[in-house]
Amino acid sequence: MIARRFFALFASLLLGILPAAAADTADQWITKARAYLGSEQALNAVKSLHFQGSFAGTEQVPDPADPKKTIEQPVKVGIDITFQAPMQQRQVLRSDKVERTTALDGYDGWERVVDNGRKGAARLTLLDGASIKRLRATTIENLSFYSNRAGGSRRVKLEGDAKVDGLDCVKVSFVHSDSIAFVRYFEKATGRLVKTEVNGGGEIREEGEIIVNGVRFPRKVMNKAQNGRVTTITFDKVTVNEAFPTDTFAVPVLQAK
């Protein structure tokens, strides 16, 4: 993000001794936000991330009062998310009844749904261009730790000051396209991410921490949809730089029955 190591060190020290108002460019605030997560050496060493956890979801089950209808029933959903540089992602959601895998492999994206109640029953769908662009954007965001080291056409813009939860924050936009943007609010005093807004009115909050290889990750991630519904993901484990074979992300071939 900053070309010369000496200047990066100087900028980091400057942010530590000057008042918050002195950081008046997007790059300066990103440097401070990255420092909150870990050292430049630790962050730049990350090539892959593997998150394992769960969240409370719902699934459709037959209505006991009327078998022709269905009702929503609470269910615990396991979640397994992998990101690998330069542009691979895999997300697996598992409940007792269904396993849903969504993956990105460069410019290929796919989703496979397996019905656990019907052995071997699976449905494979190739994702459209818009879905692939979103997966590419989230891959960049998770592996870059706010920097532009992944390249691409992402634009970063300092939007000004803001108050969030009574905290003095700075607002920075990370824009991938007209329909894909992450607007982040960083606490001025520490560089901590307070919240993220996404297209469509969604909001993401983080809570707690897991520190792996000198990098700080959230213990919980709360996703608030436009309708106000909140899904809280709790991570039990984060693994850094695990090596994944190429077929982890490649479009699978379903065998004909």
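Higher on the page you've got the structure.
Everything quoted here is computed from the prediction, not taken from an experiment. The residue numbers shown here count from 1 along each chain, following its written sequence. Only residues with pLDDT of 70 or above have their local features reported here, since the model is predicted, and side-chain atom pairs are shown and tallied only from 80 upward, although totals for entire chains, interfaces and linings are computed over all residues. Note that water and hydrogens are dropped before the side-chain values are worked out from all heavy atoms of the structure.

Colleague: A description of helix α4 (residues 129–144) should follow, citing residues and the corresponding values.
Modeller: To qualify as a helix, a DSSP run of H or I must reach at least 4 residues; to qualify as a strand, a run of E must reach at least 2; elements of each kind are numbered from the N terminus. The span one expects for a helix is its residue count, reduced by one, times 1.5 Å. Between its first and last C-alpha atoms α4 spans 22 Å; for 16 residues at 1.5 Å apiece the expected length is 22 Å, and the two agree. For α4, every residue scored as buried is listed here: Ser131, Ile132, Leu135, Arg136, Ala137, Thr139, Ile140, Glu141, Leu143 and Ser144. Where α4 terminates, the next one or two residues include Phe145, which has phi positive at roughly 50°. Burial classes follow relative accessibility: with a 1.4 Å probe on protein chains only, a residue under 20% of its type's maximum area counts as buried, one over 50% as exposed, and anything between as partly exposed.

Colleague: How would you explain the environment of Ala42 if you had to name every residue and give the values?
Modeller: Looking at where Ala42 falls in the secondary structure, it is placed in helix α3 (residues 40–44). In this description, contact between two residues means that some pair of their heavy atoms is separated by no more than 4.5 Å. Among all residues touching Ala42, those that are not within four sequence positions of it are Asn213, Gly214 and Val215.

Colleague: Pulling in residues and values, what's your account of unusual backbone geometry?
Modeller: Note the cis peptide between Ala85 and Pro86, where omega equals 5°. Secondary-structure assignment places Pro86 in the loop between β2 (66–84) and β3 (88–94). One non-glycine residue, Asp165, lies in positive phi territory at about 55°. Tracing the backbone shows Asp165 in the loop between β7 (155–164) and β8 (167–177).

Colleague: Give me the lowdown on the nonpolar core, citing residues and values where you can.
Modeller: Formed by 35 residues in total, the largest nonpolar core has its most connected members in Leu49, Phe51, Phe145, Tyr146, Phe186 and Phe217. In this structure, Phe217 is in contact with Leu49, Phe51, Phe145, Gly208, Glu209, Ile210, Val212, Val238 and Val240, ignoring residues within four places of it in sequence. Throughout this description, the term nonpolar core refers to a set of buried Ala, Val, Leu, Ile, Met, Phe, Trp, Tyr and Cys residues connected via side-chain atoms within 4.5 Å. Grouped together as the second largest cluster of nonpolar side chains are six residues, Ala162, Val164, Tyr185 and Val194 included.

Colleague: Go over the packing of aromatic side chains with me, naming the residues and quoting the values.
Modeller: Stacked, tilted and edge-to-face are the three classes assigned to paired rings of Phe, Tyr and Trp, where Trp is represented by its six-membered ring and a pair needs centres within 6.5 Å; plane angles under 30 degrees give stacked, over 60 edge-to-face, the rest tilted. Under the definition given, this model contains seven aromatic pairs. Pairing Phe51 with Phe217 gives two aromatic rings, centres 5.9 Å apart and planes at 80°, and the pair type is edge-to-face. With Phe51 in strand β1 (residues 48–63) and Phe217 in strand β13 (residues 215–217), this pair connects stretches of sequence that are 166 residues apart.

Colleague: Hey, could you go over helix α2 (residues 26–37) for me, with residue numbers and the actual values?
Modeller: The terminal C-alpha atoms of α2 lie 17 Å apart, and with twelve residues this matches the ideal 16 Å at 1.5 Å per residue to within 8%. Looking only at α2, the buried set comprises Ala26, Trp29, Ile30, Thr31, Lys32, Ala33, Arg34 and Leu37.

Colleague: Break down the environment of Val253 for me, with residues and values.
Modeller: Structurally, Val253 is set in the segment after β15 (230–240). Residues Val253 and Leu124, 129 residues apart in the sequence, show an inter-C-alpha distance of 8.7 Å.

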